[in-house]
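# Coordinate analysis (summary)
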Amino acid sequence: MLSTPYQTIRERLTEQCAVMLACYRKNCATQSSAGQLILPECMKLLPLYANCILKSDCLRGGADMPVDDKAWLMQTALGLDLMTTLVYFYPKLLPLHNLDPAETGVPEQLRCSCTFMQSDGVYLLEDGMNLFIWVGQMVKPEWLQLVFGVSLFSQLDPEKMTTLLDLNNPVSHRVRSVVEEIRAERQRFMRMIVVKQKDKSEGFFRRFLVEDKGIDGSPSYVDYLCHLHRQIKDLLN
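Presented here is a report on the structure given in the accompanying data block.

Cut-off values and rules
Residues numbered from 1 in each chain as written. Predicted model: local features only at pLDDT ≥ 70, side-chain atom pairs only at ≥ 80, totals over all residues. Heavy atoms only, no water. Patch = residues over 30% accessible without salt bridge, like charges linked within 9 Å, V, L, I, M, F, W, Y side chains within 5 Å. Areas by Shrake-Rupley, 256 points an atom, 1.4 Å probe, with all protein chains shown as cover. Salt bridge = Lys/Arg side-chain N within 4 Å of Asp/Glu carboxyl O. Helix = DSSP H or I, 4+ residues; strand = E, 2+ residues; numbered from the N terminus. Buried < 20%, exposed > 50% of the residue type's maximum accessible area, 1.4 Å probe, protein only. Axes fitted to C-alpha atoms, helices over the stretch in contact; angles between N-to-C directions. Parallel < 35°, antiparallel > 145°, perpendicular 65-115°, else oblique. Contact = heavy atoms within 4.5 Å. Nonpolar A, V, L, I, M, F, W, Y, C, P; charged D, E, K, R; others polar. Pairing = 2+ DSSP bridges. Expected span 1.5 Å × (residues − 1). Polar contact = N/O pair within 3.5 Å; in protein donor to acceptor, adjacent residues only side chain to side chain. Core = buried A, V, L, I, M, F, W, Y, C linked by side-chain atoms within 4.5 Å. Arc of directions from axis to C-beta.

On to a nonpolar patch on the surface. A cluster of nonpolar side chains, namely Leu 82, Met 83 and Leu 86, defines an oily patch on the protein surface of about 310 Å² accessible area. The residue Met 83 is located in helix α4 (residues 82–89) in this model. The exposed category is assigned to Met 83, whose relative accessible area is 53%.

With that settled, consider the packing of helix α2 (residues 46–55) against helix α8 (residues 221–236). Where α2 contacts α8, the two axes come as close as 10 Å, and the packing angle between them is 110°. Considering the angle they form, α2 stands roughly perpendicular to α8. Residue-level contacts link Pro 47, Leu 48, Ala 50, Asn 51 and Leu 54 of α2 to Tyr 221, Tyr 224, Leu 225 and Leu 228 of α8. Here the contact of α2 with α8 is built from residues that sort into 8 nonpolar, 1 polar and no charged.

This part covers the pairing of strand β1 (residues 92–95). Residues Lys 92 and Leu 94 line one face of β1 and the alternating positions Leu 93 and Pro 95 line the opposite face, and both faces are buried. Where β1 meets strand β2 (residues 122–126), 4 bridges bridge the pair, whose relative direction is antiparallel. Residue Leu 94 lies in a different strand from β2, and its bridge partner there is Leu 124.

Turning our attention to helix α6 (residues 170–184). Here α6 contains 15 residues, and its C-alpha end-to-end distance of 21 Å stays within 8% of the 21 Å for a straight helix at 1.5 Å per residue. Burial in α6 covers these residues: Val 171, Ser 172, Arg 174, Val 175, Arg 176, Val 178, Val 179, Ile 182 and Arg 183. Close packing links the buried residues of α6 with β1, β2, β3 (131–135), α5 (141–148) and β4 (192–196). Here α6 starts with a cap whose side-chain oxygen sits 3.1 Å from the backbone nitrogen of Val 171, and that cap is Asn 169.

Right, let's talk about the nonpolar core for a bit. Formed by 28 residues in total, the largest nonpolar core has its most connected members in Cys 58, Tyr 88, Met 117, Leu 125 and Phe 205. Elements supplying a minimum of two residues to this core: α2, α3 (67–78), α4, β2, β3 and α8. If you look at the next biggest cluster of nonpolar residues, it comprises 26 residues, including Trp 143, Val 171, Val 175 and Met 190.

A few words on the side chain of Asn 169. Within the fold, Asn 169 resides in the loop between α5 and α6. Polar side-chain contacts of Asn 169 include one of 2.9 Å to the backbone oxygen of Leu 146.

Below, the discussion takes up α8. For α8, spanning 16 residues, the distance from its first C-alpha to its last is 22 Å, which sits close to the expected 22 Å at 1.5 Å a residue. Here α8 has its buried residues at Tyr 221, Tyr 224, Leu 225, Leu 228, His 229 and Ile 232. Summarising the axial view, the buried residues of α8 lie within an arc of 140°, below the 170-degree limit, and thus occupy one face.

This is the structure in structure tokens:
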């Protein structure tokens, strides 16, 4: 991996996925419609993770990342344990604005796409190395006061918010407990980064929404499925 050109790795990964799914289609699902994309139960997430790997900073092209940083990421990715590898390539997206203070534990994970985010919500996104808290511009002032100690969205200053305030109320305690539990699952400490909706830093944050089309033109999950389906049909024909 470290000595193979990025483009070669990207092409081989998609080719191997297409070959595996084409073999399954040819030998195990012959009764299905020829124009239908068939994914076996045990491989339903294969295209998703393949696309996530292709979109990761380890293999992503472009000159916006120094060579040293990319080399470090590639070395680091090779040494991650299984659970951290999964969340690194498919980040965990959690809603914070509707947490029940009476409950415990981490809330149910959302699909990693802006489609599942609302402007009146607050979401935690983490990939084992970064921990973001995205704040929508329509979040209720009461919630902002309980968690961030400010009543207006415009008063949020991400540069000064490197940690959550320890405020004496159930909502603040609940949000802090989720952040602490997520951090406890990872091998390295993740610094908190607050991202405001429509702020300039949101572009960097959106790179981690791996099911969406990338700002660099990389395909969304749906687009990649369509591309993979075309390759499978070409192989079968």
